[in-house]
Amino acid sequence: MFYNVETEMQYMKNCVIHYFSGTGNTQRAAGILFEQLNKPGIGKCALNNIEQNSSVPLDSHAIHIFMFPVYAGAAPAIMVHYLMNLPSVQGGSAAIIAITGRTEHRHGDPMQALDQASRILARKGFQVQLTDAVEAVANFGQFLNPPTPEAQQQILREADARIREIAEQIRQQQTSIRISAIWIKYAAWCLWAIYTVLARRVLGKLYVADQACTGCGQCAHFCPAAAIRLFHGVPRWNFQCEGCQRCMNICPTHAIQVSFLRLFVMLMTTVLFPIAVFIHFLALHGIVLSLFFTVLTTIGVVVCADVVVFLLELIPAMRYLTTASHTRRYRRYLAPDFLKTLARTHRDSRNSLDNSSRGY
Ligand SMILES: Cc1cc2nc3c(=O)[nH]c(=O)nc-3n(C[C@H](O)[C@H](O)[C@H](O)COP(=O)(O)O)c2cc1C
Ligand code: SF4
Ligand code: SF4
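Residues numbered from 1 in each chain as written. Chains lettered and ligands numbered in written order. Predicted model: local features only at pLDDT ≥ 70, side-chain atom pairs only at ≥ 80, totals over all residues. Heavy atoms only, no water.

**Looking at the domain arrangement of the protein chain**
For the protein chain, the domain assignment lists domain 1 (5–181) and domain 2 (198–329). Summarising the inter-unit geometry, the C-alpha centres of domain 1 and domain 2 are found 30 Å apart. Approximately 1200 Å² of surface area, both sides summed, lies buried where domain 1 meets domain 2, with 52% of it carried by carbon and sulfur atoms. On the domain 1 side of the interface with domain 2, the three residues burying the most area are Tyr 71, Gln 142 and Phe 143, jointly 43% of the side's total. (Domains from an automatic or database assignment. Buried area = accessible area lost by both parts, 1.4 Å probe.)

Structure below.
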């Protein structure tokens, strides 16, 4: 069902679906859209997984469809980076589909994700004709137990049906822009700034591999942000994390947990410490100088604290403390067949990927 865009590009006439997916919901939705738009007599379509092809030539006669999961009310950094680096396509048509997360009790919300992507595409000369959101299974497994398998099936069934409706709208070239309330846009903009600059980087730093880790390296191999390195067979996370949740869900032994110790240390060093330092300096200096000192000292303290926790994690006797976690009792979630497709696409592109050069 999935084709490499480089081989498909030459046949492309009508549409290209550019997508990023952390745990497979977006990839599943992109696959269904591809099937719907790639029927004889309707049009030709190509799929571009931006994780594999970070830059493709754009055909201004095609409609370009951008699909991504919503992180903290916005588009993932990897997608923002991709959109910003697109060449200008004056008059090109675009559609944006954000994939949100739903649980048994809470609906998903794209917040400012659609506006954010629309703004970037408009600057590139695209005419955005359709923006919409589709609710799939919530995958924020670091702090939210994914829905039960029955609920997952129900949510995915509804998501699949919704994608088919959107495919019909695209086929009929309908214009449909989803508008969110103005206060949501501004609130979500602040959330995005905090998430992109700080929170997503810290999310990776919360992970620890517990005793179940076999050192297989799958987490590092499939990380889209090259945020994991194996150190003597044990995964270590750097500050490049995208927050996609793939590693903890892909681990075959469910060894990846959110460490209580790391959570405590990161909260102290990235939230409480900077607030205290800023208030302290503000009494003595102006806002600008106080901000400067706060950022500088916070970076120093975070790096030092990270090294101390890392050293503690190396001591076998401290394992009960360093791997204590709430996520051990959480379910893991990957969209059906995601692992199979991921393995194939990574194998296909292994030679052309320069993993180490990525990071957003
Ligand atoms: C860090 C993070 C933040 C998220 N923020 C939101 C959000 O603001 N709104 C929402 O509806 N879903 C949110 N989600 C849920 C995902 O967008 C949702 O599960 C999506 O379907 C995942 O798609 P994927 O499987 O293609 O990665 C978040 C997930 C993560 C990991
Ligand atoms: S995927 Fe799991 S078992 Fe394999 S190295 Fe990563 S944490 Fe360890
Ligand atoms: S470390 Fe990599 S795979 Fe894990 S959540 Fe971060 S970006 Fe995703």
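**Structural notes on a nonpolar patch on the surface**
Residues Phe 231, Val 295, Ile 299, Val 303, Val 307, Leu 311 and Leu 314 make up a contiguous nonpolar surface patch of about 590 Å² in total accessible area. Per-element accounting of the nonpolar patch gives the leading share, five residues, to helix H10 (residues 287–313). (Patch = residues over 30% accessible without salt bridge, like charges linked within 9 Å, V, L, I, M, F, W, Y side chains within 5 Å. Areas by Shrake-Rupley, 256 points an atom, 1.4 Å probe, with all protein chains shown as cover. Salt bridge = Lys/Arg side-chain N within 4 Å of Asp/Glu carboxyl O. Helix = DSSP H or I, 4+ residues; strand = E, 2+ residues; numbered from the N terminus.)

**Quick word on the environment of Thr 131**
Considering the arrangement of structural elements, one finds Thr 131 in strand E5 (residues 127–137). Other than its neighbours up to four places away in sequence, Thr 131 contacts Ile 96, Leu 114, Ser 118, Ser 176, Ile 177 and Arg 178. For Thr 131, the side chain forms a polar contact with the main-chain nitrogen of Arg 178, separated by 2.9 Å. (Contact = heavy atoms within 4.5 Å. Polar contact = N/O pair within 3.5 Å; in protein donor to acceptor, adjacent residues only side chain to side chain.)

**Section: the sheet that holds strand E4 (residues 93–102)**
Read across the sheet, six strands follow the order E2-E1-E3-E4-E5-E6 without closing on themselves; strand pairing throughout is parallel. The open sheet has two free edges, formed respectively by strand E2 (45–49) and strand E6 (176–177), since each of these has just one partner strand. Here five bridges tie strand E1 (residues 15–19) to E2, and the two strands are oriented parallel to one another. Bridge pairing links Tyr 19 to Asn 49 in E2. Contacts from helix H5 (residues 149–171) reach strand E3 (63–69), E4, E5 and E6, with the element oriented near 165° to E5. (Pairing = 2+ DSSP bridges. Axes fitted to C-alpha atoms, helices over the stretch in contact; angles between N-to-C directions.)

**Side note on the site of ligand 1**
Taken together, 25 residues lie around ligand 1, and Ser 21, Thr 23, Thr 26, Val 70 and Asp 109 are the ones closest in. Compared with its free state, where it exposes 650 Å², ligand 1 has 95% of that area covered by protein. The set of elements that each furnish at least two residues to the shell around ligand 1 consists of helix H2 (25–37), E4, E5 and helix H6 (182–205). For the shell around ligand 1, the element with the highest residue contribution is E4, accounting for three residues. Of the residues assigned to the shell around ligand 1, the class counts are 11 nonpolar, 13 polar and one charged. Both domain 1 (5–181) and domain 2 (198–329) contribute no fewer than three residues apiece to the shell around ligand 1. (Near = heavy atom within 4 Å. Nonpolar A, V, L, I, M, F, W, Y, C, P; charged D, E, K, R; others polar.)

**Side note on the state of the cysteines**
Applying the stated criterion across every chain yields a total of one disulfide. Covalent S-S linkage joins Cys 15 and Cys 45, the inter-sulfur distance amounting to 2.2 Å. You can see Cys 15 sitting in strand E1 and its partner Cys 45 sitting in strand E2, a full 30 residues away along the chain. Given a relative accessible area of 4%, Cys 15 falls into the buried group. In this structure Cys 45 comes out as buried when scored by relative accessible area, which is 4%. (Disulfide = S-S within 2.5 Å. Buried < 20%, exposed > 50% of the residue type's maximum accessible area, 1.4 Å probe, protein only.)

**Brief notes about the packing of helix H9 (residues 260–282) against H10**
In a packed pair of helices, the relevant descriptors are the angle between the two axes and the axis-to-axis distance. In contact at an axis separation of 9 Å, H9 and H10 are set at 155° when each is read in the N-to-C sense. The orientation of H9 with respect to H10, classified from their angle, is roughly antiparallel. When the axes of H9 and H10 are compared, the crossing they make is right-handed. In terms of residue class, the contact of H9 with H10 is built from 18 nonpolar, six polar and three charged. (Parallel < 35°, antiparallel > 145°, perpendicular 65-115°, else oblique. Left-handed = near helix turned anticlockwise from the far one by under 90°.)

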